[in-house]
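Residue-level listing of the chains:
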Amino acid sequence: MKLVERFRLILALAGTVVVGYLIVRVGPDSVWSIFRDLSWRLVLILVFPTCLAVVADTLGWRFTFLTPPRSFARLVGMRLAGEAVNQITPTASVGGDLVRALLLRPEVPLREAFASVIADKTTGVASQVLMLLAGLLVAGFALPVPGTVLLVMAAALTVEILCVAGFVVVQLRGVVGGGGRLIAKVRIPLSPERQAALDGTDHALRSLYVRRGRRLVISVLCHFVGAALGTLELYLFVRFLGIPISIPAAFTIGALGTAVKFFSFMVPSSLGALEGGNVAIFAAFGLGQATGLSYTLVRRMREIVWVAAGILASSLVSSRPVPPTDRE
(Lines give C-alpha, C1' and ligand atoms only; values in the text may rest on other atoms or scores of the structure.)
Protein backbone atom coordinates (compact mmCIF):
# COMPACT_ATOMS: atom_id res chain seq x y z
CA MET A 1 0.00 0.00 0.00
CA LYS A 2 1.38 3.36 -1.01
CA LEU A 3 2.08 6.11 1.51
CA VAL A 4 -0.76 8.30 0.24
CA GLU A 5 -3.23 5.41 0.47
CA ARG A 6 -2.12 4.69 4.02
CA PHE A 7 -2.55 8.34 4.92
CA ARG A 8 -6.05 8.40 3.46
CA LEU A 9 -6.90 5.19 5.32
CA ILE A 10 -5.82 6.85 8.56
CA LEU A 11 -7.98 9.86 7.68
CA ALA A 12 -10.94 7.57 7.00
CA LEU A 13 -10.48 5.85 10.38
CA ALA A 14 -10.21 9.23 12.09
CA GLY A 15 -13.35 10.35 10.29
CA THR A 16 -15.20 7.27 11.50
CA VAL A 17 -14.20 8.10 15.06
CA VAL A 18 -15.45 11.66 14.58
CA VAL A 19 -18.81 10.39 13.31
CA GLY A 20 -19.15 8.08 16.31
CA TYR A 21 -18.28 10.91 18.68
CA LEU A 22 -20.85 13.22 17.09
CA ILE A 23 -23.58 10.59 17.34
CA VAL A 24 -22.83 10.12 21.04
CA ARG A 25 -22.63 13.87 21.63
CA VAL A 26 -25.81 14.76 19.77
CA GLY A 27 -27.64 11.74 21.13
CA PRO A 28 -28.62 8.55 19.30
CA ASP A 29 -32.23 9.04 20.41
CA SER A 30 -32.37 12.47 18.76
CA VAL A 31 -31.01 11.10 15.51
CA TRP A 32 -33.36 8.10 15.55
CA SER A 33 -36.32 10.38 16.23
CA ILE A 34 -35.55 12.36 13.07
CA PHE A 35 -35.32 9.21 10.98
CA ARG A 36 -38.61 8.03 12.44
CA ASP A 37 -40.25 11.33 11.54
CA LEU A 38 -39.01 11.04 7.96
CA SER A 39 -40.73 7.67 7.59
CA TRP A 40 -41.41 6.70 3.93
CA ARG A 41 -40.19 10.09 2.73
CA LEU A 42 -36.64 8.92 3.35
CA VAL A 43 -36.95 6.76 0.20
CA LEU A 44 -37.81 9.85 -1.84
CA ILE A 45 -34.75 11.74 -0.56
CA LEU A 46 -32.49 8.81 -1.44
CA VAL A 47 -33.51 9.07 -5.09
CA PHE A 48 -34.67 12.63 -5.71
CA PRO A 49 -33.23 15.10 -6.62
CA THR A 50 -29.95 13.21 -7.00
CA CYS A 51 -31.20 11.64 -10.23
CA LEU A 52 -31.56 15.13 -11.71
CA ALA A 53 -28.13 16.17 -10.41
CA VAL A 54 -26.55 13.11 -12.07
CA VAL A 55 -28.02 14.14 -15.41
CA ALA A 56 -26.77 17.72 -14.97
CA ASP A 57 -23.27 16.58 -14.00
CA THR A 58 -23.10 14.13 -16.90
CA LEU A 59 -24.14 16.88 -19.27
CA GLY A 60 -21.32 18.96 -17.81
CA TRP A 61 -18.90 16.13 -18.54
CA ARG A 62 -20.17 15.83 -22.11
CA PHE A 63 -19.18 19.44 -22.81
CA THR A 64 -15.53 18.64 -21.99
CA PHE A 65 -15.03 16.31 -24.97
CA LEU A 66 -13.37 17.41 -28.16
CA THR A 67 -15.89 15.11 -29.87
CA PRO A 68 -18.62 13.87 -27.48
CA PRO A 69 -19.61 10.16 -27.38
CA ARG A 70 -22.79 9.27 -29.21
CA SER A 71 -24.78 7.80 -26.31
CA PHE A 72 -25.65 10.08 -23.40
CA ALA A 73 -27.16 7.14 -21.49
CA ARG A 74 -23.83 5.27 -21.62
CA LEU A 75 -22.08 8.41 -20.41
CA VAL A 76 -24.44 8.51 -17.41
CA GLY A 77 -23.56 4.89 -16.68
CA MET A 78 -19.83 5.63 -16.90
CA ARG A 79 -20.17 8.56 -14.54
CA LEU A 80 -22.08 6.47 -12.01
CA ALA A 81 -19.44 3.75 -12.25
CA GLY A 82 -16.64 6.24 -11.65
CA GLU A 83 -18.42 7.82 -8.69
CA ALA A 84 -18.98 4.37 -7.18
CA VAL A 85 -15.25 3.63 -7.35
CA ASN A 86 -14.45 7.00 -5.79
CA GLN A 87 -16.79 6.26 -2.89
CA ILE A 88 -15.52 2.78 -2.04
CA THR A 89 -11.76 3.11 -2.68
CA PRO A 90 -9.16 5.35 -0.96
CA THR A 91 -7.82 6.86 -4.19
CA ALA A 92 -8.70 10.59 -3.83
CA SER A 93 -11.03 10.38 -6.88
CA VAL A 94 -8.19 9.13 -9.08
CA GLY A 95 -9.53 5.59 -9.26
CA GLY A 96 -12.99 6.61 -10.40
CA ASP A 97 -11.60 9.00 -13.00
CA LEU A 98 -9.38 6.24 -14.36
CA VAL A 99 -12.40 3.94 -14.60
CA ARG A 100 -14.35 6.57 -16.52
CA ALA A 101 -11.51 7.06 -18.98
CA LEU A 102 -11.06 3.32 -19.56
CA LEU A 103 -14.79 2.72 -20.04
CA LEU A 104 -14.77 5.28 -22.86
CA ARG A 105 -12.57 3.02 -24.96
CA PRO A 106 -12.63 2.20 -27.83
CA GLU A 107 -15.10 4.90 -28.85
CA VAL A 108 -12.87 7.70 -27.55
CA PRO A 109 -9.05 7.66 -27.86
CA LEU A 110 -7.43 7.27 -24.47
CA ARG A 111 -5.67 10.64 -24.54
CA GLU A 112 -8.96 12.43 -25.25
CA ALA A 113 -10.71 10.37 -22.60
CA PHE A 114 -8.17 11.35 -19.95
CA ALA A 115 -8.31 14.98 -21.09
CA SER A 116 -12.10 15.03 -20.78
CA VAL A 117 -12.01 13.49 -17.31
CA ILE A 118 -9.39 15.98 -16.08
CA ALA A 119 -11.27 18.90 -17.61
CA ASP A 120 -14.52 17.63 -16.09
CA LYS A 121 -12.86 17.44 -12.69
CA THR A 122 -11.68 21.03 -13.17
CA THR A 123 -15.07 22.38 -14.20
CA GLY A 124 -16.69 20.48 -11.35
CA VAL A 125 -14.35 22.12 -8.84
CA ALA A 126 -14.87 25.50 -10.53
CA SER A 127 -18.62 25.05 -10.06
CA GLN A 128 -18.00 24.66 -6.32
CA VAL A 129 -16.31 28.05 -6.37
CA LEU A 130 -19.31 29.48 -8.22
CA MET A 131 -21.63 27.79 -5.73
CA LEU A 132 -19.84 29.32 -2.75
CA LEU A 133 -19.83 32.74 -4.43
CA ALA A 134 -23.58 32.49 -5.02
CA GLY A 135 -24.10 31.32 -1.45
CA LEU A 136 -22.09 34.27 -0.14
CA LEU A 137 -24.17 36.71 -2.17
CA VAL A 138 -27.44 35.13 -1.04
CA ALA A 139 -26.31 35.13 2.58
CA GLY A 140 -25.14 38.73 2.40
CA PHE A 141 -28.26 40.15 0.76
CA ALA A 142 -31.15 37.84 1.68
CA LEU A 143 -30.37 36.31 5.08
CA PRO A 144 -29.64 37.59 8.60
CA VAL A 145 -26.29 35.79 8.72
CA PRO A 146 -23.69 36.73 11.35
CA GLY A 147 -20.68 38.62 10.04
CA THR A 148 -18.37 35.83 11.19
CA VAL A 149 -20.06 33.38 8.84
CA LEU A 150 -19.70 35.81 5.93
CA LEU A 151 -16.02 36.29 6.69
CA VAL A 152 -15.44 32.53 6.77
CA MET A 153 -17.25 32.14 3.44
CA ALA A 154 -15.25 34.99 1.88
CA ALA A 155 -11.94 33.54 3.10
CA ALA A 156 -12.85 30.07 1.83
CA LEU A 157 -13.89 31.54 -1.52
CA THR A 158 -10.54 33.30 -1.90
CA VAL A 159 -8.61 30.10 -1.24
CA GLU A 160 -10.82 28.11 -3.62
CA ILE A 161 -10.26 30.63 -6.43
CA LEU A 162 -6.49 30.45 -5.98
CA CYS A 163 -6.57 26.63 -5.93
CA VAL A 164 -8.66 26.35 -9.09
CA ALA A 165 -6.51 28.92 -10.90
CA GLY A 166 -3.39 26.99 -9.95
CA PHE A 167 -4.99 23.73 -11.10
CA VAL A 168 -5.68 25.22 -14.53
CA VAL A 169 -2.19 26.70 -14.84
CA VAL A 170 -0.41 23.41 -14.15
CA GLN A 171 -2.62 21.71 -16.75
CA LEU A 172 -1.72 24.28 -19.38
CA ARG A 173 1.96 23.78 -18.53
CA GLY A 174 1.74 20.06 -19.30
CA VAL A 175 1.29 18.43 -15.91
CA VAL A 176 0.40 14.97 -17.31
CA GLY A 177 3.43 14.57 -19.58
CA GLY A 178 5.64 16.27 -17.01
CA GLY A 179 4.44 13.83 -14.38
CA GLY A 180 5.41 10.94 -16.64
CA ARG A 181 8.91 12.33 -17.10
CA LEU A 182 9.25 12.88 -13.35
CA ILE A 183 8.25 9.28 -12.67
CA ALA A 184 10.81 8.15 -15.24
CA LYS A 185 13.54 10.02 -13.36
CA VAL A 186 12.73 8.85 -9.85
CA ARG A 187 11.19 5.45 -10.37
CA ILE A 188 10.45 3.51 -13.56
CA PRO A 189 11.22 4.80 -17.07
CA LEU A 190 8.16 4.88 -19.32
CA SER A 191 8.14 3.51 -22.84
CA PRO A 192 8.16 6.10 -25.64
CA GLU A 193 4.60 5.08 -26.54
CA ARG A 194 3.30 5.72 -23.02
CA GLN A 195 5.12 9.02 -22.73
CA ALA A 196 3.70 10.03 -26.11
CA ALA A 197 0.21 9.17 -24.83
CA LEU A 198 0.72 11.38 -21.77
CA ASP A 199 1.98 14.23 -23.93
CA GLY A 200 -1.04 13.70 -26.18
CA THR A 201 -3.29 14.16 -23.16
CA ASP A 202 -1.59 17.50 -22.45
CA HIS A 203 -2.15 18.53 -26.07
CA ALA A 204 -5.83 17.57 -25.87
CA LEU A 205 -6.21 19.54 -22.63
CA ARG A 206 -4.65 22.64 -24.13
CA SER A 207 -6.97 22.31 -27.13
CA LEU A 208 -9.93 22.22 -24.76
CA TYR A 209 -8.88 25.26 -22.79
CA VAL A 210 -7.74 27.36 -25.75
CA ARG A 211 -10.24 26.39 -28.46
CA ARG A 212 -13.24 25.13 -26.50
CA GLY A 213 -13.34 27.62 -23.64
CA ARG A 214 -17.02 28.39 -24.20
CA ARG A 215 -17.93 24.72 -23.85
CA LEU A 216 -16.00 24.52 -20.59
CA VAL A 217 -17.93 27.51 -19.26
CA ILE A 218 -21.15 25.66 -20.09
CA SER A 219 -19.74 22.61 -18.30
CA VAL A 220 -19.16 24.72 -15.17
CA LEU A 221 -22.75 25.96 -15.34
CA CYS A 222 -24.08 22.41 -15.70
CA HIS A 223 -22.16 21.29 -12.62
CA PHE A 224 -23.42 24.38 -10.80
CA VAL A 225 -27.00 23.34 -11.62
CA GLY A 226 -26.21 19.88 -10.25
CA ALA A 227 -24.89 21.37 -7.01
CA ALA A 228 -27.88 23.70 -6.75
CA LEU A 229 -30.21 20.72 -7.14
CA GLY A 230 -28.41 19.16 -4.20
CA THR A 231 -29.62 22.02 -2.01
CA LEU A 232 -33.18 21.04 -2.93
CA GLU A 233 -32.48 17.72 -1.20
CA LEU A 234 -31.52 19.65 1.94
CA TYR A 235 -34.62 21.82 1.70
CA LEU A 236 -36.93 18.81 1.36
CA PHE A 237 -35.23 17.00 4.25
CA VAL A 238 -35.75 19.90 6.65
CA ARG A 239 -39.30 20.61 5.47
CA PHE A 240 -40.26 16.95 5.83
CA LEU A 241 -39.33 17.28 9.50
CA GLY A 242 -41.74 20.17 9.86
CA ILE A 243 -38.92 22.67 10.47
CA PRO A 244 -39.33 26.03 8.72
CA ILE A 245 -36.54 26.88 6.28
CA SER A 246 -36.38 29.21 3.31
CA ILE A 247 -34.95 28.25 -0.07
CA PRO A 248 -32.20 30.93 0.24
CA ALA A 249 -31.18 29.47 3.61
CA ALA A 250 -31.09 25.93 2.20
CA PHE A 251 -29.02 27.17 -0.75
CA THR A 252 -26.52 28.91 1.53
CA ILE A 253 -26.19 25.88 3.80
CA GLY A 254 -25.63 23.69 0.74
CA ALA A 255 -22.99 26.12 -0.55
CA LEU A 256 -21.15 25.93 2.75
CA GLY A 257 -21.35 22.13 2.54
CA THR A 258 -19.62 22.18 -0.86
CA ALA A 259 -16.83 24.25 0.72
CA VAL A 260 -16.38 21.59 3.40
CA LYS A 261 -16.08 18.93 0.69
CA PHE A 262 -13.64 21.12 -1.25
CA PHE A 263 -11.22 21.40 1.66
CA SER A 264 -11.58 17.77 2.80
CA PHE A 265 -10.96 16.18 -0.62
CA MET A 266 -8.15 14.03 0.78
CA VAL A 267 -10.51 12.37 3.27
CA PRO A 268 -12.41 9.47 1.64
CA SER A 269 -15.98 10.70 1.09
CA SER A 270 -15.15 13.62 3.44
CA LEU A 271 -15.94 11.19 6.25
CA GLY A 272 -16.15 13.00 9.56
CA ALA A 273 -15.41 16.39 8.02
CA LEU A 274 -18.82 16.63 6.37
CA GLU A 275 -20.61 15.42 9.50
CA GLY A 276 -18.78 17.90 11.72
CA GLY A 277 -19.18 20.70 9.20
CA ASN A 278 -22.93 20.17 8.83
CA VAL A 279 -23.43 19.96 12.58
CA ALA A 280 -21.76 23.37 12.95
CA ILE A 281 -23.48 24.91 9.91
CA PHE A 282 -26.99 23.74 10.82
CA ALA A 283 -26.48 24.96 14.37
CA ALA A 284 -25.32 28.36 13.11
CA PHE A 285 -28.55 28.67 11.12
CA GLY A 286 -30.68 27.69 14.11
CA LEU A 287 -31.68 24.28 12.77
CA GLY A 288 -30.06 22.19 15.51
CA GLN A 289 -27.06 19.89 15.64
CA ALA A 290 -29.20 16.75 15.48
CA THR A 291 -30.76 17.94 12.22
CA GLY A 292 -27.35 18.59 10.66
CA LEU A 293 -25.95 15.22 11.71
CA SER A 294 -29.08 13.35 10.63
CA TYR A 295 -29.04 15.05 7.24
CA THR A 296 -25.44 13.97 6.70
CA LEU A 297 -26.27 10.39 7.69
CA VAL A 298 -29.12 10.43 5.17
CA ARG A 299 -26.59 11.60 2.57
CA ARG A 300 -24.41 8.62 3.47
CA MET A 301 -27.36 6.31 2.93
CA ARG A 302 -28.01 7.99 -0.42
CA GLU A 303 -24.36 7.47 -1.38
CA ILE A 304 -24.71 3.74 -0.67
CA VAL A 305 -27.78 3.56 -2.92
CA TRP A 306 -26.00 5.32 -5.76
CA VAL A 307 -22.82 3.27 -5.29
CA ALA A 308 -24.99 0.21 -5.91
CA ALA A 309 -26.40 1.93 -9.00
CA GLY A 310 -22.86 2.70 -10.14
CA ILE A 311 -21.74 -0.90 -9.77
CA LEU A 312 -24.76 -2.05 -11.79
CA ALA A 313 -24.07 0.63 -14.41
CA SER A 314 -20.43 -0.46 -14.66
CA SER A 315 -21.42 -4.04 -15.41
CA LEU A 316 -23.96 -2.93 -18.01
CA VAL A 317 -21.57 -0.57 -19.78
CA SER A 318 -18.75 -3.11 -19.75
CA SER A 319 -20.98 -5.86 -21.14
CA ARG A 320 -22.09 -3.73 -24.08
CA PRO A 321 -18.97 -2.25 -25.68
CA VAL A 322 -19.31 0.14 -28.61
CA PRO A 323 -17.34 -0.22 -31.83
CA PRO A 324 -14.19 1.89 -32.15
CA THR A 325 -14.23 5.09 -34.13
CA ASP A 326 -11.73 6.22 -36.72
CA ARG A 327 -10.43 9.05 -34.50
CA GLU A 328 -6.76 9.03 -33.65
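Our subject is the structure listed above.
The rules behind each value
- Residues numbered from 1 in each chain as written.
- Predicted model: local features only at pLDDT ≥ 70, side-chain atom pairs only at ≥ 80, totals over all residues.
- Heavy atoms only, no water.
- Helix = DSSP H or I, 4+ residues; strand = E, 2+ residues; numbered from the N terminus.
- Expected span 1.5 Å × (residues − 1).
- Buried < 20%, exposed > 50% of the residue type's maximum accessible area, 1.4 Å probe, protein only.
- Axes fitted to C-alpha atoms, helices over the stretch in contact; angles between N-to-C directions.
- Parallel < 35°, antiparallel > 145°, perpendicular 65-115°, else oblique.
- Left-handed = near helix turned anticlockwise from the far one by under 90°.
- Contact = heavy atoms within 4.5 Å.
- Nonpolar A, V, L, I, M, F, W, Y, C, P; charged D, E, K, R; others polar.
- Salt bridge = Lys/Arg side-chain N within 4 Å of Asp/Glu carboxyl O.

### Description of helix H13 (residues 273-284)
At 3.6 residues per turn, the α-helix brings residues three or four places apart onto the same side.
Line of reasoning, step 1. Here H13 contains twelve residues, and its C-alpha end-to-end distance of 16 Å stays within 8% of the 16 Å for a straight helix at 1.5 Å per residue.
Line of reasoning, step 2. All of the buried residues in H13 are Leu274, Glu275, Gly277, Asn278, Val279, Ile281 and Phe282.
Line of reasoning, step 3. Gly286 sits one or two positions beyond H13 and adopts a positive phi of about 75°.

### Observations regarding the packing of H13 against helix H14 (residues 289-319)
Line of reasoning, step 1. Two numbers describe how H13 lies on H14: the axes approach to 7 Å, and their chain directions differ by 140°. Comparing the axis directions of H13 and H14 gives the class oblique. Every pair of crossing elements has a handedness; the one defined by H13 and H14 is right-handed. Judged by residue contacts, Leu274, Glu275, Asn278, Val279, Phe282 and Ala283 of H13 engage Gln289, Thr291, Gly292, Leu293, Tyr295, Thr296, Arg299 and Arg300 from H14.
Line of reasoning, step 2. In terms of residue class, the contact of H13 with H14 is made up of six nonpolar, five polar and three charged.

### Here's the deal with the pattern of salt bridges
Charged atoms that come close allow side chains of opposite charge to pair.
Line of reasoning, step 1. Taken as a whole and judged by the stated rule, the model has seven salt bridges.
Line of reasoning, step 2. With a shortest N-O distance of 2.9 Å, Arg79 and Asp120 are connected by a salt bridge. A residue pair is termed long-range when its members are at least 10 positions apart, and Arg79 in helix H5 (residues 72-88) and Asp120 in helix H7 (residues 110-142) qualify at 41 residues. Across the pair, Asp120 and Arg79 agree in class, each one buried.
Line of reasoning, step 3. With a closest N to O distance of 3.0 Å, Glu233 and Arg302 form a salt bridge. Linking Glu233 in helix H11 (residues 213-240) with Arg302 in helix H14, this pair joins segments that are 69 residues apart in sequence.

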